[in-house]
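# Structural overview for review
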Amino acid sequence: MAQTATLGTTPFHWEGTDRKGNRIKGKSMASDEAAVRAELRRRGVVPNRIKKQSAGLFKGTAKITTSDIAIFSRQLATMLAAGIPLVQAFEIVGAGHENASMQKLILAIKTDVEGGSALAEALAKHPLYFDDLFVNLVEAGEQAGALETLLEKVATYKEKTEAIKKKIKKALTYPLAVLVVAFVVTIILLVFVIPAFEDLFKGFGADLPAFTRMIVDLSQFVRSQGWILAGIAGGAIYAFSYFKKRSRPMRHFLDRMILKAPVIGPIMEKAAIARYARTLSTMFSAGVPLVEALDSVAGATGNIVFEVGVLQMKDEVATGQRLQQAMENTDLFPNMVIQMIAVGEESGSLDEMSAKVADFYEEDVDNAVDNLSSLLEPMIMAILGVLVGGLVIAMYLPIFKLGSVI
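## Observations concerning the overall build of the protein chain
A tally of regular secondary structure across the protein chain gives 15 helices and 4 strands. What you see for the protein chain is a C-alpha radius of gyration of 30 Å, clearly larger than the 22 Å of a compact globule of 406 residues, by over 25%. Principal axes of the C-alpha set define a box for the protein chain whose edges measure 95 × 65 × 35 Å. A total accessible area of about 21,800 Å² is found for the protein chain, and carbon and sulfur atoms account for 61% of it. Of note, the protein chain has its 43 positive side-chain charges centred 9 Å away from the centre of its 43 negative side-chain charges.

Take a look at the structure:
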């Protein structure tokens, strides 16, 4: 039999006996061993052994991810649907996390709820992990008395949007990783292998082919100016990352260029539309007013171009404009999406039609990403062949030329 005590900041494993003399063991979160003993005594448990859990290298201190929040929402919804009180549900869910950062977050929320705060209010104190959409949905669930239902919707929403992000990341990460490896291999060849051939060519006493001469000159340039080039490249990457995070105009420019890019642009556009429709469906089905819902929808699209467009739609809807007409005015949405939203408005089933749009575009993104992966693989192999094969050919051209003379 295992039990779990109140959450704290450090995990402790303990063994002891209860009031009936049964041997029990469990895991508690507390500030120190004395706090664990005090908690066990209050529960009528006589501790025989208390041991602080060894974290190991980097274990338990991982960063909190969107997946962690989605799992937390799903688990909490399941606990509440089973009739478990909210505070106890926090204890159970928190004890199941090995990530100490997530445990501390859950502890902070649990403490606020125990102090009389509403769950939405407690979540709003951690905007880094719970955005306005999450908080608004939880608040709507608390007011309607259907918190577990709304948490289930939040979990589903998080899981679906995270699935799209992972698909796109997977499609981009593989070719990027291969190109980085190709770049590293090319640098190694230029710095270590080409000089060996260069010494060999000096003994030929003949002019080198133009292609070989170019590669040898490139090798000399990389060896003499390589550190300067690396510094410039590193500075450029840092500056790009710095301004991308802090400059909204730059992010707006980049997002607009991404949407116009060949191949990847249509995928990013479909992903933004899918997130727009999924968020709108989730918010509207929770009973959140349309104008208020569009605020959260704008931030959930994942693209500043769409975010600006949705905020423009919000202003127009607030003045009495129909959502269908407001969407047309942005020039961002395909006609099919606009017509389905129009049908949803007229029939009073905007949430259902938005969900159908989201399902369609999420599946479309999946197919597009799979096709992109299939298209990129031969292109990547061709690039690798040109880079490495070109260097090899350049090094053997003088040998072939010498052989033909002999």
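Next, the rest of the story.
## A closer look at unusual backbone geometry
The phi angle at D331 is positive, at roughly 60°, despite the residue not being glycine. On the secondary structure map, D331 appears in the loop between α13 (323-330) and α14 (335-347). Judged by its relative accessible area of 71%, D331 falls in the exposed class.

## Describing the packing of helix α2 (residues 66-81) against helix α3 (residues 86-95)
The contact between α2 and α3 brings their axes to 9 Å, and the two run at 135°. As judged from the angle between their axes, α2 and α3 are oblique. Two packed elements cross with a definite hand, and for α2 against α3 that hand is right-handed. Side by side, α2 and α3 meet where F72, Q75, L76, M79 and L80 of the first sit next to L86, A89, F90, I92 and V93 of the second. By residue class, the composition of the contact of α2 with α3 is 9 nonpolar, 1 polar and no charged.

## Some remarks on the environment of K104
With respect to the helices and strands, K104 occurs in helix α4 (residues 100-114). It is 8.5 Å that separates the C-alpha atoms of K104 and G94, two residues lying 10 residues apart in sequence.

## Points about the confidence of the model for the protein chain
Parts of the model with low pLDDT should not have their predicted coordinates read in detail. Per-residue pLDDT for the protein chain has a mean of 81; in total, 91% of the residues score no lower than 70. Counting interchain partners and residues more than four positions distant, the pLDDT-below-50 stretch residues 1-8 has 30 contacts. Long-range and interchain partners of residues 55-60, a stretch whose pLDDT sits below 50, account for 5 contacts in this model, where long-range means more than four residues apart.

## Focus: helix α10 (residues 264-285)
The first and last C-alpha atoms of α10 sit 32 Å apart over 22 residues, in line with the 32 Å expected at 1.5 Å per residue. By the criterion of burial, α10 is predominantly enclosed, with 17 of the 22 residues buried. Residue G287 follows α10 closely and has a positive phi angle near 85°.

## Focus: the pattern of salt bridges
Per the counting criterion, the structure on display carries 15 salt bridges. When the shortest N-O distance is used, the salt bridge between R74 and E152 registers 2.1 Å. One end of the pair, R74, is in helix α2; the other, E152, is in helix α7 (residues 147-202), with 78 residues separating them in the sequence. On the basis of relative accessibility, which here comes to 32%, the residue E152 falls in the partly exposed class. For K270, the salt bridge goes to D364, with nearest N and O atoms at 3.4 Å. Residue K270 is found in helix α10, and its partner D364 is found in helix α15 (residues 350-405); the two are separated by 94 residues along the sequence. Each of E15, R23 and R49 takes part in salt bridges that share partners, so that together they form one network.

## Here we look at a positive patch on the surface
A cluster of basic residues, K63, K165, K166, K169, K244, K245 and R246, forms a positive patch on the protein surface. Mapped onto the positive patch, the elements with two or more residues apiece are α7 and α8 (210-246). Secondary-structure assignment places K169 in helix α7. The exposure class of K169 is exposed, given its relative accessible area of 54%.

## A short note on the packing of α3 against α4
In a packed pair of helices, the relevant descriptors are the angle between the two axes and the axis-to-axis distance. With their axes 10 Å apart at the nearest point, α3 and α4 run at an angle of 170° to one another. Relative to α4, α3 is oriented roughly antiparallel. Residue-level contacts link L86, V87, F90, E91, V93, G94 and A95 of α3 to Q103, I106, I109, K110, V113 and E114 of α4. When grouped by side-chain class, the residues that make up the contact of α3 with α4 number 8 nonpolar, 2 polar and 3 charged.

## Regarding the side chain of T186
Within the secondary structure layout, T186 lies in helix α7. When its relative accessible area of 14% is taken as the criterion, T186 is described as buried. In contact with T186, not counting residues within four places along its chain, are L387 and L391.

## What to know about the packing of aromatic side chains
The full count for this structure, using the stated rule, is 8 aromatic pairs. Put simply, the rings of F72, F90, F130 and F134 touch in pairs and so form one group of aromatic residues.

About the thresholds
Residues numbered from 1 in each chain as written. Predicted model: local features only at pLDDT ≥ 70, side-chain atom pairs only at ≥ 80, totals over all residues. Heavy atoms only, no water. Helix = DSSP H or I, 4+ residues; strand = E, 2+ residues; numbered from the N terminus. Rg over C-alpha atoms; globule rule 2.2 N^0.38 Å. Areas by Shrake-Rupley, 256 points an atom, 1.4 Å probe, with all protein chains shown as cover. Lys, Arg positive; Asp, Glu negative; His and termini not counted. Charge placed at Lys NZ, Arg CZ, Asp CG, Glu CD. Buried < 20%, exposed > 50% of the residue type's maximum accessible area, 1.4 Å probe, protein only. Axes fitted to C-alpha atoms, helices over the stretch in contact; angles between N-to-C directions. Parallel < 35°, antiparallel > 145°, perpendicular 65-115°, else oblique. Left-handed = near helix turned anticlockwise from the far one by under 90°. Contact = heavy atoms within 4.5 Å. Nonpolar A, V, L, I, M, F, W, Y, C, P; charged D, E, K, R; others polar. pLDDT = per-residue confidence, 0-100. Expected span 1.5 Å × (residues − 1). Salt bridge = Lys/Arg side-chain N within 4 Å of Asp/Glu carboxyl O. Patch = residues over 30% accessible without salt bridge, like charges linked within 9 Å, V, L, I, M, F, W, Y side chains within 5 Å. Phe/Tyr/Trp six-rings, centres within 6.5 Å; stacked < 30°, edge-to-face > 60°.

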